[in-house]
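In case you want the letters, here they are:
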Amino acid sequence: MLNRFLGQRRVAQIQRAIRNGKITILCLVMTVVVLRGMIGAGHFGTPEQDLELLHSHLSNNRRVLEEVKDTSSSASGDGAKSETTTNPNSYEMFDINKILIDEEPEEVKDPNKPYSLGPKISDWDEQRAKWLKENPQFPNFIQPNKPRVLLVTGSSPKPCENPVGDHYLLKSIKNKIDYCRIHGIEIFYNMALLDAEMAGFWAKLPLIRKLLLSHPEIEFLWWMDSDAMFTDMAFELPWERYKDSNLVMHGWNEMVYDQKNWIGLNTGSFLLRNGQWALDLLDAWAPMGPKGKIRDEAGKVLTRELKDRPVFEADDQSAMVYLLVTQRDKWGDKVYLESAYYLHGYWGILVDRYEEMIENYHPGLGDHRWPLVTHFVGCKPCGKFGDYPVERCLKQMDRAYNFGDNQVLQMYGFTHKSLASRRVKRIRNETSNPLEVKDELGLLHPEFKAAKVSSS
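Note that this is a predicted model, so its numbers are computed, not measured.

Regarding the confidence of the model for the protein chain
When pLDDT drops low, the exact placement of atoms in the prediction is not to be read closely.
Right, so step 1: Looking at the protein chain, the pLDDT average stands at 87 and 81% of residues meet or exceed 70.
Right, so step 2: Here residues 64–69 scores under 50 on pLDDT; set against residues more than four positions off or in separate chains, the count is zero contacts.

Below is the structure:
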């Protein structure tokens, strides 16, 4: 009868659809049965019963996992090891010394051969002047009285000897990058020991020489230790003051030349002008540096000749004081010992006064009122032991970092909640006219970074 009303072809399509539907329903039923059996709710009860069974099943699994975790964490002494101990994916338990293996033995130099930083160069001023003339696109002065400066710092090629040291190195380099970006200074971070004989205090000398010779466009190289931080982001160095100087260090003439005090200057932050004079100074400075007998014997000389110096191996700072005292006629006229601002500021006399500075002064002063640099001498955050309590050093390094970082964050409308806090807070509301927001410290677009526009 259906054939008469619908046609034979239409009836065949309907029958085929009914058969396919039966197969689909059968597959659906089988799928439900399998899934219910896999999750443990396979008693074909009501939905409420199934939910109760499923909840019980998951609760039992969680309890088993907690028991396993408790057993693993409490096992000790009986040979039992936690999963973390044996898990190859765990950074916490991995012994870093497994991959810190030097492939080749250290080169042994002839102890009877006088130490040298490199081949003697006597015409560097001429070579450099020729290069600058042939490469006018790389001028050594960015603007009048604004030299091209390369800030150089670095750390050991190996991780720090304590678990937090590398974190503070990261903060320190971030701090330096901020200052250099604001002031148009290039930066070089070194992690390579270029000369094994000059390890420790002295590692900077071979690096400085190599960079001076490789970058003739650099007018001043600015060395800064890894444990020193910028705390005045607005202070621009008075470059005009140093137009006749080749070496600028924080220090006092009377303490160096009259008292011969080994802390009369500091070599943790200094400026060195690129030129023949600098190469000659490095050659005269380096001979006390080679580790071993030379450095030990030189340390005895420095302790004997310099005021209040403790007994220890020769260091670069004491050697510089000794060099200036004994050869003042040769070097003194080109050395500027700066004390008008803190090219180096000893942290012990500064960090507890930050709140006072914030209340009474402002960035851009650079001196005791708002120090350019806070140097954590003696804290040794990358070593096993320091000269001061670890807690005080790390707390004050955090405060110094935040003190400087606030000046950066303020440009973008934020500041740390306190000098001890990692968290930040908003200090101004967002606006639909962001270019109208006043740059109070003048750090976003300082004049000395402006490009010269041709009038033609």
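Quick notes on the environment of Y412
Right, so step 1: Tracing the sequence through the fold places Y412 in the loop between helix 14 (390–409) and strand 11 (414–416).
Right, so step 2: Separated by 32 residues in the primary sequence, Y412 and L444 have C-alpha atoms spaced 9.3 Å apart.
Right, so step 3: If near-sequence neighbours (up to four positions away) are discounted, Y412 is found in contact with R181, R428 and L444.

Quick look at the environment of L169
Right, so step 1: Position of L169 relative to the elements: it lies in helix 6 (residues 165–183).
Right, so step 2: Residue L169 is classed as buried on the basis of its relative accessible area of 10%.
Right, so step 3: Residues L169 and S155 lie 14 residues apart in sequence; the distance between their C-alpha atoms is 8.0 Å.

Quick notes on unusual backbone geometry
Right, so step 1: Look at K260: it is not a glycine, yet its phi comes out positive at around 55°.
Right, so step 2: For K260, the position within the fold is in the loop between helix 8 (253–258) and strand 8 (265–273).
Right, so step 3: Residue K380 is not a glycine yet carries a positive backbone phi of 50°.
Right, so step 4: Relative to the helices and strands, K380 resides in the loop between strand 10 (373–375) and helix 14.

Here we look at the packing of helix 6 against helix 14
The packing of two helices is summarised by the inter-axis angle and the distance between the axes.
Right, so step 1: It is at 11 Å that the axes of helix 6 and helix 14 come closest, and there the two elements cross at 25°. In this view, helix 6 runs roughly parallel relative to helix 14, as classed from their interaxial angle. For helix 6 against helix 14, the interelement crossing comes out left-handed. For the pair helix 6 and helix 14, the contacting residues are Y168, K171, K174, N175, D178, R181 and I182 in the first and L394, M397, D398, Y401, D405 and V408 in the second.
Right, so step 2: Broken down by class, the residue content of the contact of helix 6 with helix 14 amounts to six nonpolar, one polar and six charged.

Re helix 7 (residues 204–214)
Right, so step 1: Here helix 7 lies mainly inside the structure; eight of its eleven residues are buried.
Right, so step 2: By the burial criterion, the buried members of helix 7 are K204, L205, P206, L207, I208, R209, L211 and L212.

Notes on the state of the cysteines
Right, so step 1: One pass over the full model with this rule turns up two disulfides.
Right, so step 2: Here C160 is linked by a disulfide to C382, with a sulfur-sulfur distance of 2.0 Å. In this structure the cystine formed by C160 and C382 twists about its S-S bond by roughly -105°; its chirality is therefore left-handed. Placement of the pair is C160 in the loop between strand 3 (149–154) and helix 6 and C382 in the loop between strand 10 and helix 14, with a sequence separation of 222 residues.
Right, so step 3: For the protein chain, the bonded cysteines pair up as 1-3, 2-4 when numbered in the order they occur along the sequence.

Each value, and the rule that gives it
Residues numbered from 1 in each chain as written. Predicted model: local features only at pLDDT ≥ 70, side-chain atom pairs only at ≥ 80, totals over all residues. Heavy atoms only, no water. pLDDT = per-residue confidence, 0-100. Contact = heavy atoms within 4.5 Å. Helix = DSSP H or I, 4+ residues; strand = E, 2+ residues; numbered from the N terminus. Buried < 20%, exposed > 50% of the residue type's maximum accessible area, 1.4 Å probe, protein only. Axes fitted to C-alpha atoms, helices over the stretch in contact; angles between N-to-C directions. Parallel < 35°, antiparallel > 145°, perpendicular 65-115°, else oblique. Left-handed = near helix turned anticlockwise from the far one by under 90°. Nonpolar A, V, L, I, M, F, W, Y, C, P; charged D, E, K, R; others polar. Disulfide = S-S within 2.5 Å.

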